[in-house]
Structure formats: C-alpha cells, structure tokens
Amino acid sequence: MSVTALDPRTALVVVDLQNGIVALPTAHPAADVVAKSATLADAFRAKGLPVVLVRVTGGAPGRTEGPQPSGSPAADWADLVPEMSPKDGDFVVTKQQWGAFYGTDLDLRLRRLGVTQVVLTGIATSIGVESTARSAHEHGYHVTVAVDAVTDMNAEAHANSVQRIFPRLGQTGTTAEIVELLG
C-alpha cells in the first residue's frame with residue numbers, strides 16, 4: 001500500500017548507514033540512499049520528530065552457512081557516515097543482530113516519546129531494514145519504508161522485500177512523498 005498518512009508521533013529509523021556497510025557493493029548506489037536518508041532526517045528534525053540512527057557492531061552468535069567476514073574490520077567500520085552524524089535530539093542505537101529492536105532499548109525509547117509509527121531507510125533492504133520492519137510491525141508500530149532510500153547487496157533480495165514483504169507490513173513511499181506528508 002502506498003503511503004497515505006503519517007502519525008503525529010512518527011520517528012525516522014535509519015538502518016546501518018555506516019562506513020563498513022555503505023562501502024559494500026549494492027544494487028542501487030549507496031550514495032543515493034545516504035542522500036535521501038539525510039533529506040528525511042532533516043525534514044523530521046525540522047518538524048521536531050525523532051531521528052534514530054542505527055549501527056551494527058557485531059553479529060549474533062549461532063551457526064550459519066552464509067559467508068562470514070574474515071579478518072578484523074577497519075577501525076571506522078561501525079562509524080556512521082558523515083552525512084548521518086547525530087544532531088541534537090537524535091539517538092544512536094547500537095545493535096548486534098540484523099534488526100534494531102532485539103537486544104536494544106529502541107522500543108522503550110520510542111514508547112517513552114509516544115511514537116506510534118516508524119519510517120525506515122538504510123542498507124541492507126533484505127537484512128537490517130526488513131528485520132527492523134518486521135519487528136516494528138510485531139511491536140505494534142505503523143511501518144512505512146522509504147523505498148528509494150533503501151538498497152541491498154543483492155538486487156533480487158531487494159526487489160523481494162520492496163515488492164512482497166514491505167507492503168504486507170505497512171506502507172511504502174518515496175522520500176518526496178514522505179516529506180510532502182510531513183507538511
């Protein structure tokens with residue numbers, strides 16, 4: 001469903017726009033995702049709405065058959081990209097899982113602010129963004145994904161999330177549509 005409305009207490013949640021993730025090869029240019037996320041962050045701040053900057057600093061324990069990183073990441077791997085540097089009133093959530101809710105205080109912080117809806121952006125569409133969207137939906141938040149402010153390392157996975165998963169979890173829209181709804 002296309003985005004039709006934003007709740008009065010909507011938060012922007014920006015997922016994993018950090019040096020190590022943005023540097024990966026993506027289906028759509030990461031620079032565009034960063035720029036559109038920054039546009040949304042500025043629009044949310046201008047309306048006095050919360051901006052949450054999420055970063056990942058590790059992985060959940062457990063077995064996996066997927067590729068695992070080798071060696072140590074660069075010292076600045078988990079640093080947010082300069083365009084997403086926290087401003088006054090923003091808060092940073094550091095996670096160890098794919099999604100931003102499990103093992104963090106994100107839900108508690110949003111509820112204390114009276115937030116009822118989240119708008120999501122970031123990388124990777126089918127991993128961090130989708131996991132966060134699913135969890136937000138399960139926590140009872142209205143979910144909106146800015147589909148032109150997300151990308152993935154895999155074009156097919158990105159398309160699956162955008163076309164099949166996100167519409168079942170909430171609404172989708174472009175950065176311009178969301179900024180327009182902010183008024």
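Cut-offs used in this document
Residue numbers run consecutively from 1 along every chain, following the written order of its sequence. The predicted nature of this model means local features are confined to residues of pLDDT at least 70 and side-chain atom pairs, given and counted, to a pLDDT of 80 or more, with totals for whole chains, interfaces and linings taken over all residues. Remark: hydrogens and water are excluded; side-chain values derive from all non-hydrogen atoms of the structure. Runs of E in the DSSP output that reach at least two residues are strands. Runs of H or I that reach at least four are helices, and both are numbered from the N terminus. We compute the radius of gyration from the C-alpha atoms alone; for a globule the expected value is 2.2 Å times N to the 0.38, where N is the number of residues. Only protein chains enter the accessibility calculation, which uses a 1.4 Å probe; a residue is then buried when its area is under 20% of its type maximum, exposed when over 50%, and partly exposed in between. Here a residue-residue contact requires only that any non-hydrogen atoms of the pair lie within 4.5 Å. In this scheme Phe, Tyr and Trp rings, the latter by its six-membered ring, pair at centre separations within 6.5 Å, and the angle between planes marks the pair as stacked below 30 degrees, edge-to-face above 60, and tilted otherwise. Helix span is expected to be 1.5 Å times the residue number reduced by one.

**Some remarks on the overall build of the chain**
Line of reasoning, step 1. Within the chain, the regular secondary structure consists of 6 helices and 6 strands.
Line of reasoning, step 2. Going from the N terminus to the C terminus, the chain shows its helices and strands as β-α-α-β-β-α-β-α-β-α-β-α.
Line of reasoning, step 3. Taking 183 residues into account, the globule formula puts the C-alpha radius of gyration at 16 Å, and the chain, at 15 Å, falls close to it.
Line of reasoning, step 4. Summarising its shape, the C-alpha atoms of the chain cover approximately 45 × 35 × 30 Å along the three principal directions.
Line of reasoning, step 5. Across the 183 residues in the chain, those meeting the buried criterion constitute 46%.
Line of reasoning, step 6. For the chain, restricting intrachain contacts to residue pairs at least 6 apart in sequence, the fraction spanning at least 24 positions comes to 84%.

**Re the environment of M84**
Line of reasoning, step 1. Structurally, M84 is set in the loop between strand 2 (51-56) and strand 3 (91-95).
Line of reasoning, step 2. Between the alpha carbons of M84 and V34 there is a distance of 7.6 Å; along the sequence they are 50 residues apart.
Line of reasoning, step 3. Beyond its immediate sequence surroundings of up to four residues, M84 is in contact with V14, L17, V34, S37, A38, A41 and L53.

**A look at the packing of aromatic side chains**
Line of reasoning, step 1. Per the counting criterion, the structure on display carries 1 aromatic pair.
Line of reasoning, step 2. Arranged with centres 5.9 Å apart and planes meeting at 35°, the rings of F101 and Y141 form a pair that is tilted. On the criterion of sequence distance, the pair formed by F101 in the loop between strand 3 and helix 3 (106-112) and Y141 in the loop between helix 4 (125-138) and strand 5 (142-151) is long-range, its members being 40 residues apart. Grouping residues by exposure puts F101 and Y141 together as buried.

**Some points on helix 4**
Line of reasoning, step 1. With 14 residues, helix 4 ought to run about 20 Å at 1.5 Å a step, and its terminal C-alpha atoms sit 18 Å apart, in line with that.
Line of reasoning, step 2. Buried within helix 4 are the following residues: T125, G128, V129, E130, T132, A133, S135 and A136.
Line of reasoning, step 3. Check the buried side of helix 4 and you find it contacts strand 1 (10-15), strand 4 (117-123), strand 5 and helix 5 (155-169).
Line of reasoning, step 4. Backbone geometry just downstream of helix 4 places G140 in the positive-phi region, at approximately 90°.

**A few points about the environment of P8**
Line of reasoning, step 1. With respect to the helices and strands, the residue P8 is situated in the segment before strand 1.
Line of reasoning, step 2. Distance in space between the C-alpha atoms of P8 and V118 is 11 Å, their sequence separation being 110 residues.

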